[in-house]
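# Examination of the molecular architecture
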Amino acid sequence: VGELPAPANFIDTHIHRQLTEMGIPASGGMGDGEFLRRATLDIAGRIPTLEETKAFLADTTPDKRTKAIDRLLASTGYADYFAGKWAGILRNKIGDGTDWVTRDTHAFHAWIRTSLNENKPFDQFASELVLAGGKAIDNPAVSWYRVVQDNKERMENLSQVFLGIRMQCAQCHHHPYEKWSQDDYYGFAAFLSNVGRKPGEQPDEEIIFHKRGNATMQNPNTQTVLKPKPLGADPLDLPVSEDPREALAAWMTAPENPWFAKMVVNRYWKHFFSLG
């Protein structure tokens, strides 16, 4: 495949090995102007300014591209651009245009943007969303629970957004070519079975809270009552005083979870290279 460029990081090492095994030549390099334009568009959603371009082209240091990437990732432009992407993934929307929806929508978007701007660890970001409780004015992540109101739908959304797993089909049947059964579906949904909603003090205000009790979900076909069960693992015996979402968030973001980190990488790979 010809001579490959020196790897700049461990990702290049894997890519070079794949190219060699498949006999595919590496793409050619690009000039500094093209690099800055593509990097700025991909990271900050805009073209570079004239001043940025002049400074970058005049820079003769060997690591100027790495520095440019770091500068763009640390900019508010990155937070602005990717907050819009994550807001779409997490189904943040204006909805019917009522005051509370508009207020909560803007607060949820601001929470996502602030999380990105502060470089919040992604496992912390996901955990805060899963464990969100109280009022949206105090905890904007609660807005997700107001938009996605059915507990089974919440489970489906969480599994697809944070694990890259589609669970929808398993609700009705165990497809012979799918891994997940109905018991997997309802056992996983049981983690959210104790999420409660009640009116707040202000008009249209809603409070999300943990309802004490046994967290279970019934398989409607077999009538089996299922305990909270992580995907691919055994059911959990949780005390009634414990919010089962704590166990869900801990399992979901654990280093040994085979899906969480892979999903995050795949989403960003899709953004930068157009194909997951």
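So, on to the nonpolar core. Membership of the largest hydrophobic core comes to 59 residues, with the highest contact counts inside it found for Leu90, Ile112, Leu129, Phe162, Leu163 and Leu231. The greatest single-element share of this core, amounting to 6 residues, is contributed by helix 5 (residues 76-89). With sequence-adjacent residues up to four places away left out, Ile112 is seen in contact with Ala83, Trp86, Ala87, Leu90 and Phe125.

Moving on to helix 12 (residues 260-273). Across its 14 residues, helix 12 extends 20 Å between first and last C-alpha, which sits within 8% of the 20 Å expected from 1.5 Å per residue. Three or more residues of helix 12 are buried, namely Phe260, Met263, Val264 and His271. Down the axis of helix 12, the sector holding all buried residues measures 100°, keeping them to one side. Exposed and oriented more than 90 degrees from the buried face of helix 12 are Lys262, Val265 and Phe273. Taken together, the buried residues of helix 12 touch helix 2 (32-44), helix 5, helix 7 (122-130), helix 9 (151-163) and helix 11 (244-252).

Let's shift gears to the pairing of strand 2 (residues 195-199). Sheet analysis places strand 2 next to strand 3 (residues 206-210), joined by 5 bridges and oriented antiparallel. What sits directly across from Pro199, in strand 3, is Glu206. Linking two consecutive strands that pair antiparallel, namely strand 2 and strand 3, is a turn of 6 residues; a positive phi of about 65° is found at Asp204 within it.

Taken as a whole and assessed by the stated rule, the structure comprises 19 aromatic pairs. Measuring from centroid to centroid gives 5.3 Å for Phe82 and Tyr268, while their planes differ by 5°, and the two rings are stacked. Here the residue Phe82 occupies a position in helix 5, and Tyr268 occupies one in helix 12, the gap between them amounting to 186 residues. Judged by relative accessible area, Tyr268 falls into the partly exposed class, the value being 21%. Cluster of aromatic residues (ring-pair linked, three or more members): Trp86, Phe108, Trp111, Phe122, Phe125, Phe162 and Phe260. The ring of Phe56 has Lys64 lying over it, and the distance from NZ or CZ to the ring centre is 4.7 Å. Seen from the ring of Phe209, Lys198 lies directly overhead, with NZ or CZ sitting 5.0 Å from the centre.

Let us now look at the environment of Ile208. Tracing the backbone through its elements, the reader meets Ile208 in strand 3. Beyond its immediate sequence surroundings of up to four residues, Ile208 is in contact with Ala132, Gly133, Gly134, Val142, Tyr145, Val195, Gly196 and Arg197.

A grouping of Phe10, Ile11, Ile15, Val265, Trp269, Phe272 and Phe273 is seen on the molecular surface, where their side chains present a nonpolar patch of about 660 Å² in accessible area. For the nonpolar patch, the elements supplying multiple residues, two or more each, are helix 1 (10-22) and helix 12. With 4 residues, helix 12 is the largest single contributor of residues to the nonpolar patch. Counting through the fold element by element, Val265 comes out in helix 12.

Turning our attention to the layout of surface pockets. Approximately 2300 Å³ is the volume attributed to the largest pocket. Taken together, 47 residues make up the lining of the largest pocket; nearest its centre are Asn9, Asp12, Ile69, Phe272 and Phe273. Among the elements of the structure, helix 1, helix 2, helix 4 (64-73), helix 5, helix 6 (99-117), helix 7 and helix 12 are those that each provide at least two residues to the lining of the largest pocket. Split by residue class, the lining of the largest pocket holds 30 nonpolar, 11 polar and 6 charged. Its boundaries defined by the atoms lining it, the second largest pocket holds a volume of some 240 Å³. In terms of lining residues, the second largest pocket is bounded by 13 residues, among which Ile89, Arg267, Tyr268, Lys270 and His271 are the most central. Where the lining of the second largest pocket is concerned, the elements lending two or more residues are helix 5 and helix 12.

Rules used throughout
Residues numbered from 1 in each chain as written. Predicted model: local features only at pLDDT ≥ 70, side-chain atom pairs only at ≥ 80, totals over all residues. Heavy atoms only, no water. Core = buried A, V, L, I, M, F, W, Y, C linked by side-chain atoms within 4.5 Å. Buried < 20%, exposed > 50% of the residue type's maximum accessible area, 1.4 Å probe, protein only. Helix = DSSP H or I, 4+ residues; strand = E, 2+ residues; numbered from the N terminus. Contact = heavy atoms within 4.5 Å. Expected span 1.5 Å × (residues − 1). Arc of directions from axis to C-beta. Pairing = 2+ DSSP bridges. Phe/Tyr/Trp six-rings, centres within 6.5 Å; stacked < 30°, edge-to-face > 60°. Lys NZ or Arg CZ within 6 Å of the ring centre and 35° of its normal. Patch = residues over 30% accessible without salt bridge, like charges linked within 9 Å, V, L, I, M, F, W, Y side chains within 5 Å. Areas by Shrake-Rupley, 256 points an atom, 1.4 Å probe, with all protein chains shown as cover. Salt bridge = Lys/Arg side-chain N within 4 Å of Asp/Glu carboxyl O. 1 Å grid on protein atoms, 1.4 Å probe; cavity = no way out; pocket = protein on both sides within 12 Å on 5 of 7 lines; lining within 4 Å. Points joined across faces, edges and corners; volume = space filled by probe spheres on them. Nonpolar A, V, L, I, M, F, W, Y, C, P; charged D, E, K, R; others polar.

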